[in-house]
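# Survey of secondary and tertiary structure
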Amino acid sequence: MALKIASRFRRLLQRPGSIDLGPYERLTQLVGEAEESVQSLTDEELTEAATELRTTGGLHEDEQIEFLALAREAGKRALGERAFDGQVVGALAMLQGRVVEMATGEGKTLAGAIAAAGYAIGGRRVHVLAVNDYLAKRDAEWMGPVYELLGVTVSHVGQASTPEDRREAYQAEVCYVPVNEIGFDVLRDRLVTNVDDRVTVEADVALVDEADSVLIDEARVPMVLAGATRSEALDDDVVQLVRTLRAGVDYEIDGDGRTVALTDRGTDKVEKALGARAELAAAEAAATEEAEATDEVAATEEVAADDDPATDDSVTDESVTDDAETAEAEPVREFNLYADENLDRLTQINVALHAEVLLRRDVDYLVRDGKVSLINNNRGRVAKLQRWPDGLQAAVEAKEAVPVSDSGEVLDSITVQALVKRYKTLCGMTGTAVVVGESLQEFYDVDVAVVPPNKPNIRKDDPDRLYLTVEQKNEALVKHIGVVHESGRPILIGTHSVEESEQLSDKLEAAGIEHVVLNAKNDAEEAAIIAEAGVPGTVTVSTQMAGRGTDIRLGGRDESHDKEKAIELGGLYVIGTGLHASRRLDDQLRGRAGRQGDPGETLFFASLADELVTRYSVSSGLRPHPDETGRLTDRKSIGMLEHAQRVADGANAELHRTTWQYNRLTGQQRAILLETREKVLTEDLAATELAERAKERYDELVDEVGEDVVKAAARRIALGHLDRRWTDHLAYLADLREGIHLRSLAGGIVHLKPIDEFNKSAIASFDTLIEDAWKDAAETFGTAEITPDGLDEEASGIPRPTATWTYLVNDNPFGTEADRILGRLRNAIKPESAAEPEEILDEEFDEDDLPEELRDADDEDDLPEELREAADDEEKSDKSDKKD
């Protein structure tokens, strides 16, 4: 009753998660009544009954009831698990295109399989989008017997799958596939020159596992298909030069830690260093030229001497000496870093500085096996195939002195959000959806259905413990872990980075606390490690949400290791080493405890010097009063922590929104291009167009090699130029987006929004793209080498890439309007904002925008050193701006 009242109250307030479960609960009761009639069926009869329900128009209500009764029985027979009412409700909600929130341990995997089978029997093809290879393979094999009993074919795709494996897998009615893999397959299929080379099928139903992670956290991550061009090794002298620059003197980091830029002093230092090197290079070149000239004169004299023994050597020597003196006397031009001819040098300096200052080893990336491996910030795991934009990737590799990886031009790209929006129907499941309900509605037009747990949640969530400094927080953290560990209670500790997990591991080892570490350095073992986190006496240190998707059962995966003792001790104890930028991520970590009505407890430690506070909240105006351990309990300090998390949540949402705005037009243009490309690929559009544009040549070739050969050649030529034009257009858009950002930072756009300027230029560029491609194709067709064996692409000037590969772009450090959003929000909450007038008008923000607990904050004398330094930096920056 309480749950129903809460649900109706949320609907009244139009809050996310307000879908009325009443209709689903009513149908679930009918499913229970129909269940008895299917229990007497043999396996063959059950499969036959499911087959008789097959249709092409989706299952109607009566058919859904019968199907769900069959599916519940199939789960019971195949897995020994009879679906709870909550799982049936969840399956029904997904069959209606909802994202379902179900608590950890409530059986999302089975509910998702039932929903996927329901779609398949209704005549739909389903892709269950997973977050990684392990979960895609595990769930497909685990749920396989259920699908088999229902007569539904199932498959899975992984990183190691061959093109033939993928083509066959996608033909199944239900295919479990990591979201990245389906994205890469779509990109590759867009560039095929033969229909038979495609592996994917038409996008129909997407059922997204861990929906919040895929649809929100990773939605703006571009998946890229690249073609080989060249290696982008960074000059070693640039790397060494950047290492001599000093923070706050030669370069400044923005308040959000996302961008870094040279100061005037830093620019002078770089220009002098590069100028000196240019002068040295010029001197060396002059010396070389002089030596060559001397050798040439000597050779001439030798010849002349042979012809005229009386020739005077002194004249030649003097002329050479005079020339050398003249060359030495000429002043070397002053080096201008921002001159057009030095653009490459400027770019190298910028990316080297970003790599050196902003990207941290064991936080943003790892170095292992002689390679730089990026870390997924949302999961704390190695991001396979993921890399930064090529120049930045090369800069990090130069920084770490590892071989520079292959570089290339972007042939095509697609974001996770654009990929998912291709599907006609979208649904999914996760443990934390309500918090992002508004975003799911805004970006995907899907609602959230909150399914109550099968058993009441008795987990205890303790109030956060806040400390003044990081050192005081860590000291209290280790001490508390030791106290809990002495009781034998299983402990799961969630950290934010690999670096933090290893530092904590060292502290625990020093304290004599045995533990196991799960982070991006041993992610291959994560499922096995996390599954045993519920064994009494176990201390597991986990980076971010590594191991998410694996159940933590008290007593271990088979519940055979003192489960009763674990229950008596209070169940799993989850400890967070700091609040995340999103409350949803905190909730995910908390959700690891209290599975299926088990006891459990959670506690988060935090400090006013944590990055969350220093980056997203005010850095002055607070007078904390800690106790002897450094702990803070006053309302204002706790309010600052909560406020910082709210600001971070809003900043990330705005970043997502702005990124989507930039990508939306590109997606529309891509759709137009793909429509033309599809006609070229599957019809005779290329032959028709080129026959009109070059009739004589077309007729001549038909007589020479036959019409089929000419049509095939025309198709390859047209596809080559369409793809070439699109590649160039993407490169232009990337430069344009970066340029719009830099112009706005410089005040070049005051009254116009950068996104509007971007769209205007992008539309103008695309306007003639297809027509220009046809003109290029006609020109190539006029001179192409076409024999009875077909088109010689290399000789005709339209070679395909010699190699292609896929990767994900982690972040673009230079290029988006959204980079300013964080600064905008920070400025909005600062008592003395130094915001630019065109970005934040004074009247837009006042004291009323601050939380009540922060409006009358005191001075900063008692702030920790980290915050005082941040405040001093802000004050210096403000004074500098005023002088300018």
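Numbers given to residues run from 1 along each chain, matching the order in which its sequence is written. Only residues with pLDDT of at least 70 get local features here, since the model is predicted, and only at 80 or more are side-chain atom pairs given and counted; chain-wide, interface and lining totals rely on the full set of residues. No hydrogens and no water enter the side-chain calculation; it runs on all heavy atoms of the structure.

### Some points on the packing of helix α18 (residues 470-486) against helix α19 (residues 498-510)
To get an axis, a line is fitted to the C-alpha atoms, and for a helix only the part in contact is used. The angle between two axes follows their N-to-C directions and goes from 0 to 180 degrees. Helix and strand assignments follow DSSP, with helices taken as H or I runs no shorter than four residues and strands as E runs no shorter than two, numbered in order from the N terminus. Relative to each other, α18 and α19 sit at 55°, their axes nearing to 10 Å. Considered as vectors, α18 and α19 are oriented oblique to each other. Once α18 is placed against α19, the crossing between them reads as right-handed. In this structure, α18 uses Asn-474, Leu-477, Val-478 and Ile-481 to contact α19, whose residues at the interface are Leu-504, Lys-507 and Leu-508. Each residue belonging to the contact of α18 with α19 can be placed in one class, and the counts come to five nonpolar, one polar and one charged. Any angle between 65 and 115 degrees counts as roughly perpendicular, while under 35 counts as roughly parallel, over 145 as roughly antiparallel, and the rest as oblique. Each helix crossing is assigned a hand: it is left-handed if the near helix lies turned anticlockwise from the far helix by less than a right angle, otherwise right-handed if that turn is clockwise. When checking whether two residues touch, look at their non-hydrogen atoms; a contact exists if any pair is within 4.5 Å. Three classes are used, and their members are as follows: Ala, Val, Leu, Ile, Met, Phe, Trp, Tyr, Cys and Pro are nonpolar, Asp, Glu, Lys and Arg are charged, and the others, Gly among them, are polar.

### Topic: the packing of aromatic side chains
Side-chain rings of Phe, Tyr and Trp, where Trp is taken by its six-membered ring, are said to pair if the distance between their centres is within 6.5 Å; with planes under 30 degrees apart they count as stacked, over 60 as edge-to-face, and otherwise as tilted. Summed over all chains, the structure comprises five aromatic pairs. Pairing Tyr-467 with Phe-605 gives two aromatic rings, centres 6.2 Å apart and planes at 10°, and the pair type is stacked. Within this pair, whereas Tyr-467 is found in strand β17 (residues 465-467), its partner Phe-605 is found in strand β22 (residues 600-607), the two being separated by 138 residues in sequence. Each of the two residues, Tyr-467 as well as Phe-605, counts as buried. Taking the centre distance of 6.1 Å and the plane angle of 35° together, the rings of Tyr-698 and Phe-781 count as tilted. Relative accessibility thresholds used throughout: buried, under 20% of the residue-type maximum; exposed, over 50%; partly exposed, between the two (1.4 Å probe, protein chains only).

### What to know about helix α3 (residues 43-52)
By the burial criterion, the buried members of α3 are Leu-46, Ala-49 and Ala-50. Across the axial projection of α3, the buried residues extend over an arc of 100°, all falling on one side. Exposed side of α3, more than 90 degrees from the buried face: Glu-44 and Glu-52 are the residues found there. As used here, the arc belongs to the directions running from the helix axis to the C-beta atoms.

### Here we look at the pairing of strand β5 (residues 205-209)
Summarising burial for β5: five of the five residues are buried, a large majority. Side chains Val-205, Leu-207 and Asp-209 of β5 all project onto a buried face; the interleaved residues Ala-206 and Val-208 project onto the opposite face, where all are buried too. When DSSP locates at least two bridges between a pair of strands, those strands are taken to pair. In this structure, β5 lies alongside strand β14 (residues 425-430), joined through five bridges in parallel fashion. Looking at the pairing, Val-205 lines up with Thr-425 of β14.

### A short note on the confidence of the model for the chain
When pLDDT is averaged along the chain, the result is 81, and 76% of the positions lie at 70 or above. Within the chain, helix α30 (residues 821-829) has the poorest average pLDDT of any element, 42, and strand β3 (residues 154-156) the best, 98. The predictor attaches a confidence to each residue, called pLDDT, with possible values from 0 through 100. The low-confidence segment residues 1-15, where pLDDT is below 50, has 12 contacts with residues more than four positions distant or belonging to other chains. With pLDDT under 50 throughout, residues 309-333 is counted as low confidence; its partners more than four residues away or in other chains account for nine contacts.

### A few points about the nonpolar core
By size, the foremost hydrophobic cluster in this structure holds 101 residues, and its most contacted members are Phe-67 and Leu-150. Setting aside chain neighbours within four positions, we find Leu-150 in contact with Leu-46, Ala-50, Phe-67, Leu-70, Ala-71, Ala-74, Ala-117 and Ile-121. Core analysis: the second largest hydrophobic core is formed by 33 residues, Leu-681, Ala-718, Ala-778 and Ile-798 among them. As used here, the term nonpolar core means buried Ala, Val, Leu, Ile, Met, Phe, Trp, Tyr and Cys residues forming a set that is joined through side-chain atoms within 4.5 Å.

### A short note on the side chain of Ser-637
Examined against the element boundaries, Ser-637 turns out to sit in helix α24 (residues 635-682). By relative accessible area, Ser-637 is classed as buried at 0%. Those residues in contact with Ser-637 that sit more than four places away from it in its chain are Leu-466, Leu-608, Leu-622, Pro-624 and Leu-632.

### Some details on the sheet that holds β14
Strands sit in the order β3-β4-β2-β5-β14-β1-β15 across an open sheet of seven strands; the sheet is parallel. Two strands bound the open sheet, and with one partner strand each, they are β3 and β15 (448-450). Strand-to-strand twist in this sheet, taken as the mean axis angle between neighbours without regard to direction, amounts to 20°. Two elements, β3 and strand β4 (residues 174-178), share three bridges in a ladder whose sense is parallel. Of the residues in β4, the one forming a bridge with Ser-155 is Cys-175. Running at roughly 135° to β4, helix α8 (residues 163-170) makes contact with β2 (126-130), β3 and β4 of the sheet. Together, β2 and β4 form the strand contacts of helix α9 (residues 179-189), whose direction differs from that of β4 by roughly 95°.

### Some details on the side chain of Ser-542
Position of Ser-542 relative to the elements: it lies in strand β20 (residues 539-543). Residues within four places of Ser-542 in sequence aside, it is in contact with Leu-492, Ile-493, Gly-494, Thr-495 and Leu-518.

### As for the environment of Glu-442
You can see Glu-442 is positioned in helix α17 (residues 437-444). Judged by relative accessible area, which is 41%, Glu-442 ranks as partly exposed. Each C-alpha atom of the pair Glu-442 and Arg-657 lies 9.2 Å from the other, and the pair is 215 residues apart in sequence.

### Here we look at the pairing of strand β21 (residues 572-576)
For β21, the buried fraction is high: five of the five residues fall into the buried class. Neither face of β21 is left uncovered, since the one carrying Leu-572, Val-574 and Gly-576 and the one carrying Tyr-573 and Ile-575 both have all their residues buried. The sheet contact formed by strand β18 (residues 491-495) and β21 spans four bridges and is parallel. Across the sheet, Ile-491 pairs through a bridge with Tyr-573, a residue of β21.

### What to know about the pattern of salt bridges
Every case where a carboxyl oxygen of Asp or Glu lies within 4 Å of a side-chain nitrogen of Lys or Arg is listed as a salt bridge. Counted according to the given criterion, the structure contains 48 salt bridges. Salt-bridge contacts for Arg-188 lead to Asp-185; the nearest nitrogen and oxygen are separated by 2.8 Å. With Arg-188 and Asp-185 both in helix α9 and three residues apart, the pair spans about one turn of that helix. Judged by its relative accessible area of 31%, Arg-188 falls in the partly exposed class. Relative accessible area serves as the criterion here: at 1%, Asp-185 is assigned to the buried category. The partner of Asp-723 in a salt bridge is Arg-800, and the shortest N-O contact between them spans 3.1 Å.

### Digging into unusual backbone geometry
Trans peptide bonds make up the majority, and among non-glycine residues the majority have a negative phi. A positive phi angle, close to 55°, is found at Asp-445, a residue other than glycine. By the secondary structure assignment, Asp-445 is in the loop between α17 and β15. For Asp-445, a relative accessible area of 61% corresponds to the exposed category. The backbone phi angle of Gln-596 is positive, close to 50°, even though this residue is not glycine. Looking at the element boundaries, Gln-596 is found in the loop between α22 (583-590) and β22.

### Here we look at the packing of helix α4 (residues 61-79) against helix α6 (residues 108-121)
Here α4 crosses α6 at 130°, and the two axes come no closer than 11 Å. When the axis of α4 is compared with that of α6, the two are oblique. Handedness of the crossing formed by α4 with α6: right-handed. Along its contact with α4, which presents Phe-67, Leu-68, Ala-71 and Leu-79, the element α6 presents Leu-110, Ile-114, Ala-117, Gly-118 and Ile-121.

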